[in-house]
Amino acid sequence: MKKLHDLRDHLLAAVPGLAANPERLLLFADDGTWASTNATNLSFQCSYTATLVLTDFAGEPVSVMLPVLQWVARHQNELLANPSNRDKMTFEVEVLASDLVDLTIKLSLTERFVVTRDTDTALQVRNPAEPPPEYQITDSLRGGQVLDSQGNVVAALPAIDA
């Protein structure tokens with residue numbers, strides 16, 4: 001699943017200390033379904049719940065939530081734009097110690113797969129990126145440091161191409 005890999009790469013770049021311990025970030029595609037329209041080709045769409053588990057996390061959950069929100073703004077914007085989808089981003093926190101938590105975030109994602117005939121004997125499968133949102137979200141995609149109330153850097157949002 002391309003979006004899971006993209007989201008993982010984004011979080012490894014954005015969350016301080018995570019790149020040094022990438023094994024603490026687990027991603028799963030749960031409750032997946034796929035459907036085709038029975039059109040003249042075999043194109044289809046997958047829908048699934050992306051489950052992110054960050055184990056033994058010593059930071060603030062917001063330092064993970066903001067990069068996820070930034071990624072969603074570009075790659076699954078309807079979770080933000082459509083009020084009926086806003087309950088499709090959930091989280092759970094298990095407190096392990098005064099400074100450690102396990103954080104689970106769940107997002108409803110979709111991915112399209114376009115199948116076209118390349119030659120008489122071959123089919124080509126493409127997994128196209130989501131089209132840019134109808135309105136400009138350039139400020140949130142621009143990236144930048146995320147500071148807590150004391151001015152400490154809790155995340156560094158990378159820029160995302162619109």
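Here the structure is a predicted model, which is why all the values come from computation and not from measurement.

Q: In this structure, what is going on with the overall build of the protein? I would like to understand it.
A: For the protein, the helix and strand inventory stands at 4 helices and 7 strands. When the helices and strands of the protein are read in sequence order from the N terminus, they spell out α-β-β-α-α-β-β-β-α-β-β. A buried classification covers 36% of the 162 residues belonging to the protein. Long-range contacts, defined as pairs at least 24 residues apart, comprise 57% of the intrachain contacts of the protein with a sequence gap of at least 6. Separation of charge centres in the protein, based on 12 positive and 21 negative side chains, amounts to 8 Å.

Q: In this structure, what is going on with the pattern of salt bridges? I would like to understand it.
A: Once their charged atoms are close, side chains differing in charge can pair, the charge on each being opposite to the other. Enumeration according to the criterion identifies 1 salt bridge in this entry. A salt bridge links K3 to E130, with the shortest nitrogen-to-oxygen separation between them at 3.0 Å. Residue K3 is found in helix α1 (residues 2-14), and its partner E130 is found in the loop between β5 (123-126) and α4 (138-141); the two are separated by 127 residues along the sequence. A relative accessible area of 7% places K3 in the buried class. When its relative accessible area of 16% is taken as the criterion, E130 is described as buried.

Q: What is the right way to read the environment of A35 from this model?
A: With respect to the helices and strands, the residue A35 is situated in strand β1 (residues 25-36). Taking the C-alpha atoms as reference points, A35 and E78, separated by 43 residues in sequence, lie 19 Å from one another. Not counting residues up to four positions away in its chain, the partners in contact with A35 are F44 and Q45.

Q: Even after reading the chapter, I still don't get the packing of aromatic side chains, so can you show me in this structure?
A: In this description, an aromatic ring pair is defined by two values, namely the gap between the centres and the angle between the planes. As enumerated under the stated definition, the model contains 2 aromatic pairs in all. A centroid spacing of 4.9 Å and a plane angle of 15° characterise the contact between F44 and F113, whose relative ring orientation is stacked. Of this pair, F44 sits in strand β2 (residues 44-57) while F113 sits in strand β4 (residues 100-117), and the two are 69 residues apart along the sequence. The partly exposed category is assigned to F44, whose relative accessible area is 24%.

Q: Could you clarify how one ought to interpret the pairing of β2 in this entry?
A: Each regular strand carries side chains that alternate between the two faces of the sheet. With 10 bridges connecting them, β1 and β2 associate as antiparallel partners. Across the sheet, T33 pairs through a bridge with S47, a residue of β2. Examined bridge by bridge, β2 and β4 share 12 bridges and lie antiparallel to one another. The residue of β4 that forms the bridge with V53 is T104.

Q: Can you walk me through the nonpolar core in this structure?
A: For soluble globular proteins, nonpolar side chains are generally found buried alongside one another. Judged by nonpolar contacts, the single largest core of 23 residues is most densely connected at L11, L52, V64, V68 and L107. At the level of secondary structure, the elements contributing two or more residues to this core comprise α1, β1, β2, α2 (62-75) and β4. Contact partners of V64, with chain neighbours within four places excluded, come to L11, V15, L54, F57, L103 and I105.

Q: Looking at this structure, I do not really get unusual backbone geometry. What am I missing?
A: Phi is mostly negative for residues that are not glycine, and the peptide bonds are mostly trans. The phi dihedral of D31 falls on the positive side, at around 50°, and the residue is not glycine. With respect to the helices, strands and loops of the structure, D31 is situated in strand β1.

Q: Explanation requested: α1 in the structure shown.
A: Between the first and last C-alpha of α1 there are 18 Å, a value that for 13 residues agrees with the 18 Å anticipated at 1.5 Å per step. For α1, the full list of buried residues reads K3, L4, L7, H10, L11, L12 and A14. Elements that come into contact with the buried residues of α1 comprise β1, β2, α2, β4 and β7 (153-157).

Q: Hey, could you run me through α2 in this one?
A: For an α-helix, 3.6 residues make a turn, and residues three or four places apart therefore share a direction. For α2, spanning 14 residues, the distance from its first C-alpha to its last is 19 Å, which sits close to the expected 20 Å at 1.5 Å a residue. Burial runs high along α2: 10 of the 14 residues are buried. What α2 keeps buried is the set S63, V64, P67, V68, Q70, W71, V72, A73, R74 and H75.

Analysis parameters
- Residues numbered from 1 in each chain as written.
- Predicted model: local features only at pLDDT ≥ 70, side-chain atom pairs only at ≥ 80, totals over all residues.
- Heavy atoms only, no water.
- Helix = DSSP H or I, 4+ residues; strand = E, 2+ residues; numbered from the N terminus.
- Buried < 20%, exposed > 50% of the residue type's maximum accessible area, 1.4 Å probe, protein only.
- Contact = heavy atoms within 4.5 Å.
- Lys, Arg positive; Asp, Glu negative; His and termini not counted.
- Charge placed at Lys NZ, Arg CZ, Asp CG, Glu CD.
- Salt bridge = Lys/Arg side-chain N within 4 Å of Asp/Glu carboxyl O.
- Phe/Tyr/Trp six-rings, centres within 6.5 Å; stacked < 30°, edge-to-face > 60°.
- Pairing = 2+ DSSP bridges.
- Core = buried A, V, L, I, M, F, W, Y, C linked by side-chain atoms within 4.5 Å.
- Expected span 1.5 Å × (residues − 1).

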